[in-house]
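# Residue-level structure breakdown
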Amino acid sequence: EIARIHGYDAIPARIGRHVQRMLPDSETQRAPALVKSRLIGRGWQEIVTFSFVDAAAERALDADARPVAVQNPIASHLGVMRSTLLPGLVGVLAANIAQGARRARIFEYGRVFARGDDGDAYRQPLRVGGLAFGAAAPEQWGSATRAVDFFDIKADLAALLPQRRLETPRLTHQ
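The text that follows walks through the structure, step by step, so that each part is easy to find. For clarity, every value in this text was computed on a predicted model and none was experimentally measured.

Definitions and limits used
Residues numbered from 1 in each chain as written. Predicted model: local features only at pLDDT ≥ 70, side-chain atom pairs only at ≥ 80, totals over all residues. Heavy atoms only, no water. Salt bridge = Lys/Arg side-chain N within 4 Å of Asp/Glu carboxyl O. Buried < 20%, exposed > 50% of the residue type's maximum accessible area, 1.4 Å probe, protein only. Helix = DSSP H or I, 4+ residues; strand = E, 2+ residues; numbered from the N terminus. Patch = residues over 30% accessible without salt bridge, like charges linked within 9 Å, V, L, I, M, F, W, Y side chains within 5 Å. Areas by Shrake-Rupley, 256 points an atom, 1.4 Å probe, with all protein chains shown as cover. Polar contact = N/O pair within 3.5 Å; in protein donor to acceptor, adjacent residues only side chain to side chain. Contact = heavy atoms within 4.5 Å.

What follows concerns the pattern of salt bridges. Note on pairing: side chains with opposite charge can pair once their charged atoms come close. Scanning the model with the defined rule gives seven salt bridges in all. Between Glu1 and Arg4 there is a salt bridge, with its nearest N and O atoms 2.4 Å apart. What makes Glu1 exposed here is its relative accessible area of 64%. Where Arg42 meets Asp156, a salt bridge forms, and the shortest distance between an N and an O atom there is 2.5 Å. One end of the pair, Arg42, is in the loop between α2 (32–41) and β1 (45–46); the other, Asp156, is in helix α5 (residues 150–160), and 114 residues separate them in sequence. Overlapping salt bridges bring together Arg146, Asp149 and Asp152 as one network.

Written as C-alpha coordinates, this is what we have:
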(Lines give C-alpha, C1' and ligand atoms only; values in the text may rest on other atoms or scores of the structure.)
Protein backbone atom coordinates (compact mmCIF):
# COMPACT_ATOMS: atom_id res chain seq x y z
CA GLU A 1 0.00 0.00 0.00
CA ILE A 2 2.89 2.35 0.82
CA ALA A 3 4.50 1.72 -2.57
CA ARG A 4 1.23 2.51 -4.34
CA ILE A 5 0.75 5.79 -2.45
CA HIS A 6 4.40 6.85 -2.70
CA GLY A 7 4.50 5.85 -6.37
CA TYR A 8 6.04 2.83 -8.04
CA ASP A 9 8.24 5.07 -10.20
CA ALA A 10 9.81 6.64 -7.09
CA ILE A 11 11.17 3.27 -5.96
CA PRO A 12 14.69 2.75 -7.33
CA ALA A 13 15.15 -0.35 -9.46
CA ARG A 14 18.32 -2.01 -8.19
CA ILE A 15 19.26 -5.56 -8.86
CA GLY A 16 20.22 -7.22 -5.62
CA ARG A 17 23.25 -9.45 -5.32
CA HIS A 18 22.27 -13.09 -5.03
CA VAL A 19 24.70 -15.88 -4.36
CA GLN A 20 23.37 -19.37 -4.82
CA ARG A 21 25.22 -22.40 -3.58
CA MET A 22 24.65 -26.03 -4.40
CA LEU A 23 23.69 -27.98 -1.31
CA PRO A 24 25.44 -31.29 -0.77
CA ASP A 25 23.36 -34.31 -1.69
CA SER A 26 23.51 -37.02 0.94
CA GLU A 27 24.28 -40.47 -0.40
CA THR A 28 22.70 -42.11 2.64
CA GLN A 29 19.20 -40.72 2.02
CA ARG A 30 16.82 -40.95 -0.91
CA ALA A 31 14.80 -37.97 -2.09
CA PRO A 32 11.04 -38.47 -1.57
CA ALA A 33 10.36 -37.90 -5.28
CA LEU A 34 12.86 -40.63 -6.22
CA VAL A 35 11.35 -43.15 -3.79
CA LYS A 36 7.83 -42.37 -5.03
CA SER A 37 8.76 -42.55 -8.73
CA ARG A 38 10.52 -45.89 -8.29
CA LEU A 39 7.53 -47.39 -6.49
CA ILE A 40 5.08 -46.00 -9.05
CA GLY A 41 7.28 -47.39 -11.83
CA ARG A 42 6.95 -50.82 -10.26
CA GLY A 43 3.14 -50.66 -10.22
CA TRP A 44 2.45 -49.22 -6.77
CA GLN A 45 -0.13 -46.49 -6.19
CA GLU A 46 0.43 -43.69 -3.71
CA ILE A 47 -2.21 -42.96 -1.10
CA VAL A 48 -2.53 -40.09 1.35
CA THR A 49 -4.31 -40.70 4.64
CA PHE A 50 -5.07 -38.70 7.77
CA SER A 51 -2.34 -38.21 10.35
CA PHE A 52 -5.09 -38.60 12.96
CA VAL A 53 -6.07 -42.19 13.77
CA ASP A 54 -8.13 -44.19 16.22
CA ALA A 55 -6.32 -44.98 19.49
CA ALA A 56 -7.70 -48.54 19.40
CA ALA A 57 -6.14 -49.10 15.95
CA GLU A 58 -2.79 -47.89 17.25
CA ARG A 59 -2.97 -50.26 20.23
CA ALA A 60 -4.05 -53.16 18.00
CA LEU A 61 -0.91 -52.75 15.90
CA ASP A 62 1.44 -52.09 18.80
CA ALA A 63 0.39 -52.83 22.38
CA ASP A 64 3.32 -50.76 23.71
CA ALA A 65 2.54 -47.71 21.57
CA ARG A 66 2.39 -44.37 23.34
CA PRO A 67 0.54 -42.31 20.72
CA VAL A 68 0.44 -38.55 20.89
CA ALA A 69 -3.08 -37.49 21.92
CA VAL A 70 -4.79 -34.60 20.15
CA GLN A 71 -6.31 -32.00 22.47
CA ASN A 72 -9.14 -31.05 20.13
CA PRO A 73 -9.67 -33.93 17.63
CA ILE A 74 -11.61 -33.34 14.40
CA ALA A 75 -13.67 -36.47 15.16
CA SER A 76 -14.08 -38.61 18.27
CA HIS A 77 -12.51 -41.66 16.61
CA LEU A 78 -9.47 -39.68 15.39
CA GLY A 79 -8.04 -38.80 18.78
CA VAL A 80 -4.32 -39.60 18.39
CA MET A 81 -1.54 -38.91 15.90
CA ARG A 82 -0.31 -41.94 13.98
CA SER A 83 2.91 -43.56 15.14
CA THR A 84 2.97 -45.84 12.09
CA LEU A 85 1.54 -45.65 8.56
CA LEU A 86 -0.17 -49.03 8.94
CA PRO A 87 -3.63 -47.92 10.16
CA GLY A 88 -4.16 -45.80 7.07
CA LEU A 89 -2.78 -48.44 4.72
CA VAL A 90 -4.95 -51.18 6.25
CA GLY A 91 -8.03 -48.94 6.09
CA VAL A 92 -7.50 -48.12 2.40
CA LEU A 93 -6.83 -51.77 1.54
CA ALA A 94 -9.96 -52.89 3.43
CA ALA A 95 -12.05 -50.28 1.57
CA ASN A 96 -10.66 -51.48 -1.78
CA ILE A 97 -11.38 -55.12 -0.97
CA ALA A 98 -14.92 -54.19 0.11
CA GLN A 99 -15.40 -52.56 -3.29
CA GLY A 100 -14.32 -55.76 -5.06
CA ALA A 101 -10.64 -55.11 -5.73
CA ARG A 102 -8.76 -58.34 -6.36
CA ARG A 103 -5.29 -56.79 -6.54
CA ALA A 104 -3.70 -53.79 -4.86
CA ARG A 105 -0.25 -52.27 -4.43
CA ILE A 106 -0.49 -49.18 -2.22
CA PHE A 107 2.12 -47.11 -0.45
CA GLU A 108 2.27 -43.96 1.61
CA TYR A 109 5.20 -41.62 2.17
CA GLY A 110 4.46 -39.46 5.17
CA ARG A 111 5.25 -38.35 8.66
CA VAL A 112 4.60 -40.33 11.80
CA PHE A 113 4.50 -38.82 15.26
CA ALA A 114 6.17 -40.05 18.43
CA ARG A 115 7.18 -38.83 21.83
CA GLY A 116 10.86 -38.14 22.31
CA ASP A 117 13.00 -40.12 24.69
CA ASP A 118 12.71 -37.39 27.33
CA GLY A 119 8.89 -37.51 27.22
CA ASP A 120 8.40 -33.81 26.47
CA ALA A 121 9.78 -33.43 22.95
CA TYR A 122 8.10 -34.87 19.87
CA ARG A 123 9.62 -36.42 16.77
CA GLN A 124 8.08 -36.37 13.28
CA PRO A 125 10.18 -38.66 11.07
CA LEU A 126 9.28 -39.40 7.45
CA ARG A 127 8.41 -43.01 6.72
CA VAL A 128 7.40 -45.06 3.72
CA GLY A 129 5.07 -48.03 4.10
CA GLY A 130 3.18 -50.25 1.74
CA LEU A 131 0.80 -53.19 1.40
CA ALA A 132 0.50 -55.67 -1.44
CA PHE A 133 -2.57 -57.84 -1.95
CA GLY A 134 -3.75 -60.26 -4.61
CA ALA A 135 -1.98 -61.43 -7.73
CA ALA A 136 1.72 -60.71 -8.24
CA ALA A 137 1.09 -59.19 -11.69
CA PRO A 138 -1.96 -57.79 -13.47
CA GLU A 139 -4.02 -60.48 -15.17
CA GLN A 140 -2.75 -61.36 -18.64
CA TRP A 141 -2.93 -64.22 -21.10
CA GLY A 142 0.85 -64.75 -21.34
CA SER A 143 1.47 -65.94 -17.80
CA ALA A 144 -0.31 -67.85 -15.08
CA THR A 145 -1.79 -65.94 -12.16
CA ARG A 146 0.01 -66.36 -8.85
CA ALA A 147 -0.36 -64.63 -5.51
CA VAL A 148 2.10 -61.95 -4.45
CA ASP A 149 4.74 -63.28 -2.09
CA PHE A 150 7.67 -62.18 0.05
CA PHE A 151 10.10 -62.28 -2.87
CA ASP A 152 8.00 -59.88 -4.96
CA ILE A 153 8.12 -57.35 -2.13
CA LYS A 154 11.83 -57.96 -1.62
CA ALA A 155 12.44 -57.21 -5.32
CA ASP A 156 10.55 -53.92 -4.98
CA LEU A 157 12.59 -52.97 -1.90
CA ALA A 158 15.82 -53.83 -3.71
CA ALA A 159 14.77 -51.49 -6.53
CA LEU A 160 14.48 -48.67 -3.97
CA LEU A 161 18.00 -49.32 -2.70
CA PRO A 162 20.05 -50.35 -5.75
CA GLN A 163 23.44 -49.45 -4.22
CA ARG A 164 22.86 -51.38 -1.00
CA ARG A 165 22.67 -55.03 -0.17
CA LEU A 166 19.24 -55.85 1.17
CA GLU A 167 19.27 -58.36 4.00
CA THR A 168 16.07 -59.99 5.21
CA PRO A 169 16.81 -62.16 8.24
CA ARG A 170 14.17 -64.58 9.41
CA LEU A 171 12.33 -63.40 12.52
CA THR A 172 9.46 -64.74 14.57
CA HIS A 173 6.61 -62.51 15.68
CA GLN A 174 5.52 -62.91 19.29
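This part takes up a nonpolar patch on the surface. There is a patch of nonpolar side chains on the surface, built from Leu61, Leu86 and Val90 and spanning about 230 Å² of accessible area. Position of Leu61 relative to the elements: it lies in helix α3 (residues 55–61). The class for Leu61 is partly exposed, based on a relative accessible area of 42%.

Turning our attention to the side chain of Glu108. The residue Glu108 is located in strand β4 (residues 103–111) in this model. Within the structure, Glu108 has its side chain in polar contact with the side chain of Thr49 (distance 2.8 Å). Engagement of the side chain of Glu108 in a polar contact is seen with the side chain of Arg82, the distance being 3.0 Å. When near neighbours in sequence (up to four residues on either side) are disregarded, Glu108 contacts Ile47, Val48, Thr49, Arg82, Leu85, Leu89, Arg127, Val128 and Gly129.

The analysis is restricted to geometry; functional conclusions fall outside its scope.
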